[in-house]
Amino acid sequence: ETGVTQSPTHLIKTRGQQVTLRCSSQSGHNTVSWYQQALGQGPQFIFQYYREEENGRGNFPPRFSGLQFPNYSSELNVNALELDDSALYLCASSGDPVVTDTQYFGPGTRLTVL
Amino acid sequence: QQPVQSPQAVILREGEDAVINCSSSKALYSVHWYRQKHGEAPVFLMILLKGGEQKGHDKISASFNEKKQQSSLYLTASQLSYSGTYFCGTANAGNMLTFGGGTRLMVKP
């Protein structure tokens, strides 16, 4: 158990809809990173939030957006869902990104887009 | 650019050893190793922070060759519980991870 929680566990949406995924970070961590993991592949970095600001972004379009709250929990929003967005979405919490730190993953949200 | 892992898959008998390699075309700040079982989240194994560093716990260890821009994970006397997919992740200065494609490891009795 990492202390990182995500909700919901599973989600089914249709093309064009919008979705919000949630992540609660481990106690003492102020950084949340989001990853997309397609079936049979490694996790791909979406973006990172540090102290409520986006601290870095991977190669994902603007319809992927996020938020981080004062308690360091975070949301991932995806607009105009496409079939290729079907994946396991993982969040990971860690300490200050200025130092290399272990990222602890939550159990993930499995998103299916029909 | 994502690191390249090899082999892509390996099947072992219980008690056998395995080595998983992770290579990058870019300079590495650190290397992070995770194991993921089917339907579960990646579980942290270890992190290597500088060239020449070696770490290990139980019968799993890793090395980091900064000059060669590669890391290796060593699994000794494998157990059934070692089955899963192993990922290496390389971090940039902001601690954002780029993962390799994974190595599927199956340990049979």
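Residues numbered from 1 in each chain as written. Chains lettered and ligands numbered in written order. Predicted model: local features only at pLDDT ≥ 70, side-chain atom pairs only at ≥ 80, totals over all residues. Heavy atoms only, no water.

Visitor: Mind showing me how you'd approach the overall build of chain B here?
Guide: When helices and strands are tallied, chain B shows 0 helices and 11 strands. Its helices and strands taken in sequence order, chain B reads β-β-β-β-β-β-β-β-β-β-β from the N to the C terminus. In terms of overall dimensions, chain B is globule-like: its C-alpha atoms have a radius of gyration of 13 Å, near the 13 Å expected for 109 residues. Looking at chain B as a whole, 47% of its 109 residues qualify as buried. Put simply, 55% of the contacts in chain B that link residues at least 6 apart link residues at least 24 apart. A total accessible area of about 5500 Å² is found for chain B, and carbon and sulfur atoms account for 50% of it. Charge separation in chain B, taken as the distance between the mean sites of 11 positive and 7 negative side-chain charges, equals 6 Å. (Helix = DSSP H or I, 4+ residues; strand = E, 2+ residues; numbered from the N terminus. Rg over C-alpha atoms; globule rule 2.2 N^0.38 Å. Buried < 20%, exposed > 50% of the residue type's maximum accessible area, 1.4 Å probe, protein only. Contact = heavy atoms within 4.5 Å. Areas by Shrake-Rupley, 256 points an atom, 1.4 Å probe, with all protein chains shown as cover. Lys, Arg positive; Asp, Glu negative; His and termini not counted. Charge placed at Lys NZ, Arg CZ, Asp CG, Glu CD.)

Visitor: Help me out: how do you make sense of the layout of surface pockets in this one?
Guide: Here the idea is plain: a probe the size of a water molecule rolls over the atoms and shows the empty space left. The calculated volume of the largest pocket comes to roughly 680 Å³. Residue lining of the largest pocket: 29 residues in total, with A:G40, B:H38, B:T85, B:F87 and B:R104 positioned closest to the centre. Mapped by element, the contributors of at least two residues to the lining of the largest pocket are β1 (4–6), β2 (9–13), β9 (84–91) and β11 (103–108) of chain B. Ranked by residues supplied to the lining of the largest pocket, first place goes to β11(B) with 4 residues. Looking at the lining of the largest pocket residue by residue, the classes come out as 11 nonpolar, 14 polar and 4 charged. Put simply, the second largest pocket is a space of about 560 Å³. What lines the second largest pocket is a set of 25 residues, and nearest its centre among them are B:Q1, B:Q2, B:L97, B:T98 and B:F99. Contributing elements (two or more residues each) for the lining of the second largest pocket: β5 (44–50) of chain A together with β9 and β10 (97–99) of chain B. Among the elements that take part in the lining of the second largest pocket, β10(B) stands out by supplying 3 residues, more than any other. (1 Å grid on protein atoms, 1.4 Å probe; cavity = no way out; pocket = protein on both sides within 12 Å on 5 of 7 lines; lining within 4 Å. Points joined across faces, edges and corners; volume = space filled by probe spheres on them. Nonpolar A, V, L, I, M, F, W, Y, C, P; charged D, E, K, R; others polar.)

Visitor: I'm lost on the sheet that holds strand β7 (residues 64–68) of chain A in this one. Help?
Guide: The pairing of strands in a sheet comes from backbone hydrogen bonds and takes either a parallel or an antiparallel form. All names here are of chain A. Pairing is antiparallel in the open sheet, where 4 strands are placed in the order β1-β3-β8-β7. If you trace the sheet from one side to the other, it starts and ends with β1 (5–7) and β7, each paired once. Neighbour-to-neighbour, the strand axes of the sheet open up by a mean angle of 20 degrees, direction not taken into account. Both β7 and strand β8 (residues 74–78) contribute to a ladder of 5 bridges, which runs antiparallel. Bridge pairing in β8 links Q68 to S74. (Pairing = 2+ DSSP bridges. Axes fitted to C-alpha atoms, helices over the stretch in contact; angles between N-to-C directions.)

Visitor: What exactly am I supposed to notice about the pattern of salt bridges here?
Guide: A side chain with one charge may pair with a side chain of the opposite charge, provided their charged atoms come close. Residue and element names in this part refer to chain A. A complete count under the given rule lists 4 salt bridges over all chains for this structure. Between R63 and D85 there is a salt bridge, with its nearest N and O atoms 2.8 Å apart. Residue R63 is found in the loop between β6 (53–57) and β7, and its partner D85 is found in the loop between β8 and β9 (87–94); the two are separated by 22 residues along the sequence. This pair shows no difference in class: R63 is buried, exactly as D85 is. The network of salt bridges with common partners includes R63, E82 and D85. (Salt bridge = Lys/Arg side-chain N within 4 Å of Asp/Glu carboxyl O.)

Visitor: Honestly, the packing of aromatic side chains in this entry has me stumped. Any pointers?
Guide: Describing an aromatic ring pair means giving the distance of the ring centres and the angle of the ring planes. Under the definition given, this model contains 11 aromatic pairs over all chains. For the pair B:Y34 and B:F99, a centre-to-centre distance of 5.8 Å together with 65 degrees between the ring planes defines the contact as edge-to-face. One end of the pair, B:Y34, is in strand β4 (residues 30–36); the other, B:F99, is in strand β10, with 65 residues separating them in the sequence. Residues B:Y34 and B:F99 agree in their burial class; the two are buried. Three or more aromatic residues joined by ring pairs make a cluster, and in this case those are A:Y35, A:F45, A:Y104, A:F105, B:Y34, B:F44, B:F87 and B:F99. (Phe/Tyr/Trp six-rings, centres within 6.5 Å; stacked < 30°, edge-to-face > 60°.)

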